[in-house]
Amino acid sequence: MTLKRHAYVWSHAIYAVNKRNAKFQLDMAALLRGLKAGRALRSLGSVAVQAAANPQSSNIRRGFHRAALLRVHDESKNPASSSSSTPHHEHYQAHSLPADEGTSTSTHEASAGGAATGQEDPQVNTSYQDQGGEQNEDYETEEQLAERILTAALDFVPQHGWTIEAIAAGAETLGLSSASTGMFINGAGDLVLHFVGHCNTQLTEILADQHKHVQLGQAEQKKTAEFLRDAVETRLRMYIPYMDTWPQAMSILILPHNIPHSLKHLSTLMDDIWYYAGDRSTDMNWYTKRAALTGIYNTTELVMLQDSSPDFQDTWTFLDNRIQDVVNMAGTAKQVAATGEAVAQGLMGAAVTLKNMTGLNQRR
Amino acid sequence: MAIPVRCVARRIFRDCTRKVSVLSTQQATKPIYPSNSIVCRFYSNDSEGKSTHFGFETVPEGEKAERVYKVFESVAEKYDVMNDAMSMGVHRLWKDMLLHIMNPLPGARLLDAAGGTGDISIRFLEYTRTQRERQQRRSVRSQQTLSWQDISQNYTPSDDQGPAESTAVSTAVVCDINKEMLKVGKDKAEKLGYSSGLSWVVGDAEELPFADDQFDVYTIAFGIRNVTHIEQALDEALRVLKPGGRFMCLEFSKVSNPLLSRLYDAYSFQLIPVMGEVIAGDWKSYQYLVESIRKFPDQETFKGMIEDAGFFQVQYFNLTGGVVAIHSGFKL
């Protein structure tokens with residue numbers, strides 16, 4: 001009995017001492033550190049949950065879109081009515097969904113696409129038999145068919161460039177007439193944006209995979225600079241097969257009606273890279289980091305356009321140098337801040353000394 | 001969605017033929033089961049002949065096709081002149097817009113249903129020819145800075161002809177129920193120099209004389225409101241189109257703006273028949289024209305009908321404030 005009471009008193013005493021200590025240490029720095037730790041833990045937990053749940057839908061936004069498509073498909077049972085509400089709505093859907101649906105159809109049609117459409121299947125095609133390629137269009141929506149056409153069209157880009165002819169050739173490989181290119185109101189823009197979205201989702205998958213390996217302890221966490229370098233290089237390497245026609249694609253991306261969509265793709269790409277690099281900042285750093293990386297990425301892409309070295313070695317060297325610049329800049333910025341603080345404190349001290357010397361500080 | 005509708009329709013038709021003997025004995029006064037009454041009514045209508053609209057008139061269905069034929073027989077000679085006069089030349093812009101939205105690629109096959117004097121087909125051939133020339137120019141330009149490897153490749157004969165559009169020629173088939181309109185169109189085309197690549201076929205839009213999966217694009221410009229059974233015409237369009245093919249319909253439609261609508265009505269009913277009488281000597285035909293425009297379903301209803309026929313990605317574009325609408329759907 002007494003032992004228990006002793007233990008209780010003792011633990012209570014320890015708790016009280018710790019509390020006092022904690023209070024003593026409770027200045028701004030510790031508070032910030034604690035908050036950062038808490039945020040990191042929370043985000044780490046959410047990353048683990050996401051990584052475990054579905055490696056492809058690392059973005060909740062994508063999950064919502066897929067759920068919306070399922071719901072719409074179940075409700076209407078007629079893909080035409082769900083998406084042919086207004087021309088503007090279609091246009092928006094065709095652009096926003098490709099980035100999200102790209103995974104479900106073009107890259108992992110068997111797994112994720114099967115999961116998405118598989119859930120639709122038992123509810124929709126109770127009466128339709130699998131009679132041929134055309135009637136399969138009842139199972140998938142028009143957006144998914146558009147995805148498939150654009151993915152098939154990518155094979156013809158080296159030959160036709162980023163044009164409607166490439167999309168027509170892609171449609172023909174799927175057995176559709178060239179008139180189906182009329183579905184793509186934005187023409188070549190649709191093709192380029194689809195490709196960019198596709199590359200972004202591919203990169204996100206690779207980064208998520210790497211992250212999973214790090215979580216499982218199979219690989220070492222890379223340093224930020226190295227991680228950024230590898231991510232940007234992986235992403236830019238996806239353009240290599242289309243390097244001859246990439247200037248045409250870039251010019252299409254900066255057409256006024258395509259700028260909102262291309263900017264959206266770019267910003268989500270930068271966000272994803274920094275997220276997997278471990279950035280959880282919530283202050284001005286969030287913007288400065290992404291701005292810096294955007295600058296690096298865009299300039300490296302431009303260098304890559306006119307690079308003729310074997311395996312684009314010059315481009316990767318350029319990339320290294322730019323990342324080094326940013327790292328140095330960050331270090332310099334910290335030093336400048338520290339120096340500034342020290343200088344300010346010194347001035348304050350000098351001022352107080354002067355006041356003491358001249359006797360202004362004394363109260364009379 | 002078309003398939004269940006057709007199945008239901010077929011079932012109803014089968015039911016009514018089966019129940020003929022039963023119902024013919026009864027008086028159709030107070031049947032107990034509502035389904036029987038519906039079937040009974042269907043059968044009784046069929047025996048009288050369903051009626052439809054011919055302008056603001058109501059005529060039996062069988063008669064409408066004949067009367068439309070007579071209308072267009074009489075206006076065939078002055079058809080193009082009257083079009084220009086009535087629309088003040090704007091109909092050319094409408095048809096150009098149709099081609100622009102269609103954006104056909106070289107090698108596409110067009111079926112111009114109710115094509116009449118062949119306006120759309122001629123524009124189609126012109127469009128694809130310029131596209132083909134542009135492509136050829138582009139390919140020649142790209143070949144001017146070839147590396148020696150590419151040049152050596154060009155000297156070795158390749159088995160596959162590469163892109164189909166380098167060799168494919170676009171063709172257009174003009175189909176109309178009216179021989180007079182086709183005659184006028186043929187003369188016009190010969191005068192303009194479009195003899196190759198154009199065929200002129202007599203046929204009913206509700207029963208096209210073509211096999212399945214033949215055409216890349218099906219257009220019907222200012223013709224579908226004259227068809228007795230629009231759904232049948234849409235079904236036929238779906239049938240003859242290739243998978244991936246496009247259905248396009250250019251037709252007069254409802255003007256949404258009330259002020260414009262009043263002006264348009266005044267113009268249609270006061271001026272157009274007068275113009276018809278003065279220029280073509282035919283008041284009644286142009287009276288039928290403006291009345292049939294009013295009888296045609298509006299944009300959304302027609303879009304629904306196209307979707308019911310089985311087309312996907314149906315959308316419409318209003319031109320001139322809704323006076324004319326272009327509906328487009330895909331056979332996917």
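All of the points below concern the structure found in this document. What you see is a predicted model, and the numbers here were worked out from it, not measured in a lab.

## What to know about the packing of aromatic side chains
Think of a pair of aromatic rings as described by two things: how far the centres are apart, and how the planes are tilted against each other in angle.
Reasoning step 1: Going through the model one piece at a time under the given rule, you end up with 19 aromatic pairs over all chains.
Reasoning step 2: Plain terms: the ring middles of B:Phe56 and B:Phe269 are 6.0 Å apart, the flat faces sit at 25 degrees to each other, and that makes the pair stacked. One end of the pair, B:Phe56, is in the loop between strand E1 (51–54) and strand E2 (57–60); the other, B:Phe269, is in helix H11 (residues 258–280), and 213 residues separate them in sequence.
Reasoning step 3: Here the aromatic residues A:Trp162, A:Phe195, A:Tyr239, A:Tyr242 and A:Trp246 are joined through ring pairs into a cluster of three or more.
Reasoning step 4: The side chain of A:Arg280 reaches across the aromatic face of A:Tyr275, ending 4.3 Å from its centre.

## Topic: the nonpolar core
Across soluble globular proteins, nonpolar side chains show a tendency to be buried alongside one another.
All names here are of chain A.
Reasoning step 1: Counting 56 residues, the largest nonpolar core has Trp162, Leu191, Tyr239, Trp246 and Ile273 as its most contacted members.
Reasoning step 2: Of all the elements in the fold, those that place two or more residues in this core are helix H7 (142–153), helix H9 (164–173), helix H10 (188–215), helix H11 (224–237), helix H12 (246–253), helix H13 (259–277), helix H14 (284–305) and helix H15 (313–358).
Reasoning step 3: Among the elements that take part in this core, H10 stands out by supplying 10 residues, more than any other.

## Notes on a nonpolar patch on the surface
All names here are of chain B.
Reasoning step 1: A surface patch of nonpolar side chains, about 430 Å² in accessible area, is lined by Val81, Val274, Val278, Ile279 and Trp283.
Reasoning step 2: For the nonpolar patch, the leading source of residues is H11, giving 3 residues.
Reasoning step 3: Looking at the secondary structure, you find Trp283 in helix H12 (residues 283–295).
Reasoning step 4: What makes Trp283 partly exposed here is its relative accessible area of 39%.

## Quick notes on the side chain of B:Glu291
All names here are of chain B.
Reasoning step 1: Relative to the helices and strands, Glu291 is located in helix H12.
Reasoning step 2: Here Glu291 sits buried without a salt bridge, and the closest side chain of opposite charge, Arg67, lies 8.3 Å off (N-O distance).
Reasoning step 3: Aside from chain neighbours lying at most four places away, what touches Glu291 is Phe54, Gly55, Phe56 and Phe269.

## What about the sheet that holds strand E7 (residues 241–252) of chain B?
All names here are of chain B.
Reasoning step 1: Sheet architecture is open: 7 strands sit in the order E5-E4-E3-E6-E7-E9-E8, paired in mixed fashion. What marks the edges here is a single partner per strand, and that holds for strand E5 (198–202) and strand E8 (312–319). Taking the axes of each pair of neighbouring strands and ignoring which way they run, one obtains an average angle of 15 degrees across the sheet.
Reasoning step 2: With respect to the sheet, helix H10 (residues 230–240) is in contact with strand E3 (109–113), strand E6 (215–221) and E7, its orientation differing from that of E7 by roughly 145 degrees.

Conventions and cut-offs
- Residues numbered from 1 in each chain as written.
- Chains lettered and ligands numbered in written order.
- Predicted model: local features only at pLDDT ≥ 70, side-chain atom pairs only at ≥ 80, totals over all residues.
- Heavy atoms only, no water.
- Phe/Tyr/Trp six-rings, centres within 6.5 Å; stacked < 30°, edge-to-face > 60°.
- Helix = DSSP H or I, 4+ residues; strand = E, 2+ residues; numbered from the N terminus.
- Lys NZ or Arg CZ within 6 Å of the ring centre and 35° of its normal.
- Core = buried A, V, L, I, M, F, W, Y, C linked by side-chain atoms within 4.5 Å.
- Buried < 20%, exposed > 50% of the residue type's maximum accessible area, 1.4 Å probe, protein only.
- Patch = residues over 30% accessible without salt bridge, like charges linked within 9 Å, V, L, I, M, F, W, Y side chains within 5 Å.
- Areas by Shrake-Rupley, 256 points an atom, 1.4 Å probe, with all protein chains shown as cover.
- Salt bridge = Lys/Arg side-chain N within 4 Å of Asp/Glu carboxyl O.
- Lys, Arg positive; Asp, Glu negative; His and termini not counted.
- Contact = heavy atoms within 4.5 Å.
- Pairing = 2+ DSSP bridges.
- Axes fitted to C-alpha atoms, helices over the stretch in contact; angles between N-to-C directions.

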